[in-house]
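# What the coordinates show
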Amino acid sequence: MSSESRRPLVAVAALGGTISMVPGDGEDHAVPRLTAADLLGELGENLEMDVHAETLAGISSASMDFATLVKTLDWAARAVAEGAEGVVVVQGTDTLEETAYFFELTWAFEAPIVITGAMRNPSLPSADGPANLLAALTVAADPRSRGRGSLVAFNDDVHAGRWVRKAHSSHVEAFSSNPAGPLALVSEGLVHYFHPVAARPPALSLVDADFSGLVPIVESGVEDTGELLETLIKAGVKGVVLAANGGGHVSAGTADVIERALPGLPIVVAGRTGAGPTFRGTYGFRGSESDLIAMGVTMAGWLDPRKSRLLLHTLLATGASRERVEAEFRLRGDLT
Ligand code: ASP
């Protein structure tokens, strides 16, 4: 067979989630049961690619952990080294945005890694799993997906792992890339990219893949006394992300706790609105962005608290210093 007519090879890893959940006989509620082979079986015989499928886990994505992410990353890297043109990861939608961002940070290959799942399980009318999986395979096999890093194919949209968020608990259009918008649309089996490939920051390599220190998100809001943050710091957290108000503001009490904790602990301030960047120099009250920056906190820029936690955790697993944490958040959180 000439190389031009060779069918692309795509590797598929199934990790569980609604796409693989059905109730057992006589049961009312869906739990993970289907394997990667079962999911592909639903697509029939007509795929225009070769597929190598493996079931790596069968979990609800609420139970996703870094060990499973690192295992999946290693598996995907091996698949590409062995000749796969693209990789598809199938998992639950609840934490899919975090998996997508973890791969965006750590995926070092030109081949795309495409994540998908489903909102309606296979026992429901209009289950969306097969269409989402087919779209993900199509994106993974498309040469125009190369160099685009981590992608999410869902409801015929293609989102960048850099921006995607789960934005609805039940609609089949559950994902949004607001404000950047999707990267592409899948229609009639073709991927329509809206923009050329953009440069991505270098992949982070984990020097301590077993790093398991606690890196919590602490949300600010009414009655934000700082006590919860102080308790967590005393308990020995390795870093903290504050889901702060507005453009990156906390209460005066929390500002006092942060000042005492710095410079020993990496503290990142992200905006809890989930849209818009953190500020750098608008306000000057106690707990304002300029007060916190003067103390040495790292501002998350456009990264929301969940993505900030993924980035901070991953950086700590690379052994990053406070200075490196600041530099990486500037690189990955700001558009500049
Ligand atoms: N509701 C979830 C899903 O959409 C369950 C999970 O995330 O595992 O797959």
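Residues numbered from 1 in each chain as written. Predicted model: local features only at pLDDT ≥ 70, side-chain atom pairs only at ≥ 80, totals over all residues. Heavy atoms only, no water.

## Considering the overall build of the protein
Within the protein, the regular secondary structure consists of 9 helices and 16 strands. Its C-alpha atoms give the protein a radius of gyration of 21 Å, near enough to 20 Å, the size a compact globule of 336 residues would have. In terms of overall dimensions, the protein has C-alpha extents of about 65 × 50 × 35 Å along its principal axes. Surface summary for the protein: the accessible area is close to 15,000 Å², and the carbon and sulfur share equals 52%. Distance from the positive charge centre (26 side chains) to the negative charge centre (41 side chains) of the protein: 5 Å. (Helix = DSSP H or I, 4+ residues; strand = E, 2+ residues; numbered from the N terminus. Rg over C-alpha atoms; globule rule 2.2 N^0.38 Å. Areas by Shrake-Rupley, 256 points an atom, 1.4 Å probe, with all protein chains shown as cover. Lys, Arg positive; Asp, Glu negative; His and termini not counted. Charge placed at Lys NZ, Arg CZ, Asp CG, Glu CD.)

## Concerning the UniProt feature "domain: Asparaginase/glutaminase C-terminal" (unreviewed entry) in the protein
The residues that UniProt annotates with the feature "domain: Asparaginase/glutaminase C-terminal" (unreviewed entry) are residues 215-328. Taken as a whole, residues 215-328 contains 39% helix and 13% strand, while its terminal C-alpha atoms sit 17 Å from one another. (UniProt positions renumbered as here; feature names shortened; annotations may be inferred.)

## Let's talk about the side chain of Glu97
The residue Glu97 is located in helix α3 (residues 96-106) in this model. Apart from the residues lying within four places of it in its own chain, the contact partners of Glu97 are Val164, Arg165, Lys166, Asp304 and Arg306. (Contact = heavy atoms within 4.5 Å.)

## Some thoughts on the pattern of salt bridges
With the rule as written, the count across this model stands at 18 salt bridges. Glu259 is paired through a salt bridge with Arg286; the nearest N and O atoms lie 2.8 Å apart. Highlighted residues: Glu259 in helix α6 (residues 252-261) and Arg286 in the loop between β15 (267-271) and α7 (289-295), separated in sequence by 27 residues. Residue classification places Glu259 among the partly exposed positions, given a relative accessible area of 44%. Among the ionic contacts, a cluster of salt bridges with common partners joins Asp256, Glu259, Arg286 and Asp291. (Salt bridge = Lys/Arg side-chain N within 4 Å of Asp/Glu carboxyl O. Buried < 20%, exposed > 50% of the residue type's maximum accessible area, 1.4 Å probe, protein only.)

## Points about a nonpolar patch on the surface
Together, Phe279, Tyr283 and Phe285 make up a nonpolar patch on the protein surface, roughly 270 Å² of accessible area in all. As for its placement among the helices and strands, Phe285 is situated in the loop between β15 and α7. (Patch = residues over 30% accessible without salt bridge, like charges linked within 9 Å, V, L, I, M, F, W, Y side chains within 5 Å.)

## Some words on the site of the ligand
As a structural note, the neighbourhood of the ligand is formed by Gly17, Thr18, Met21, Ser60, Ser61, Gly92, Thr93, Asp94 and Ala118. The separation between an oxygen atom of the ligand and a polar main-chain atom of Ala118 is 3.3 Å. The fraction of the free accessible surface of the ligand (260 Å²) that becomes covered by protein chains is 86%. (Near = heavy atom within 4 Å. Polar contact = N/O pair within 3.5 Å; in protein donor to acceptor, adjacent residues only side chain to side chain.)

## Observations concerning empty space enclosed by the protein
Any empty space left between the atoms is revealed when a probe the size of a water molecule rolls over them. Inspection of the entire model under this criterion finds 4 cavities of 30 Å³ or more. Looking at the largest cavity, its volume works out to about 80 Å³. When the residues that make up the lining of the largest cavity are grouped by side-chain class, the tally is 5 nonpolar, 3 polar and 4 charged. (1 Å grid on protein atoms, 1.4 Å probe; cavity = no way out; pocket = protein on both sides within 12 Å on 5 of 7 lines; lining within 4 Å. Points joined across faces, edges and corners; volume = space filled by probe spheres on them. Nonpolar A, V, L, I, M, F, W, Y, C, P; charged D, E, K, R; others polar.)

## Looking at the pairing of strand β7 (residues 150-154)
With 5 of 5 residues buried, β7 lies mostly within the body of the structure. Of the two faces of β7, both are covered, the one formed by Ser150, Val152 and Phe154 as well as the one formed by Leu151 and Ala153. The pairing of strand β6 (residues 113-116) with β7 spans 3 bridges and is classified as parallel. Counterpart to Ile115 in the pairing with β7 is Val152. Considered for its hand, the β-α-β crossover made up of β6, helix α4 (residues 129-141) and β7 is left-handed. (Pairing = 2+ DSSP bridges. Right-handed = clockwise from strand over helix to strand, strands pointing away.)

## Considerations on unusual backbone geometry
Residue Pro179 follows Asn178 across a cis peptide bond; omega there is 5°. Mapped onto the secondary structure, Pro179 falls in the loop between β10 (175-176) and β11 (184-187). Of note, the bond from Leu262 into Pro263 is cis; its omega dihedral lies within 30 degrees of zero at 10°. Turning to its location among the elements, Pro263 is positioned in the loop between α6 and β15. Not every positive phi belongs to a glycine, and Asn155 is a case in point at roughly 55°. Note that Asn155 resides in the loop between β7 and β8 (157-160). For Glu223, which is not a glycine, the phi torsion comes out positive at approximately 65°.

## Quick look at the layout of surface pockets
The volume enclosed by the largest pocket comes to roughly 590 Å³. If you go around the largest pocket, you meet 22 residues; those closest to its centre are Ala160, Arg162, Trp163, Ala198 and Ala199. Looking at which element gives the most residues to the lining of the largest pocket, the answer is α3, with 3 residues. Residues of the lining of the largest pocket, tallied by class, amount to 14 nonpolar, 2 polar and 6 charged. Of the pockets and cavities examined, the second largest pocket occupies roughly 440 Å³. Lining the second largest pocket are 21 residues, and of these Glu48, Met49, Thr138, Gly189 and Leu190 lie nearest its centre.

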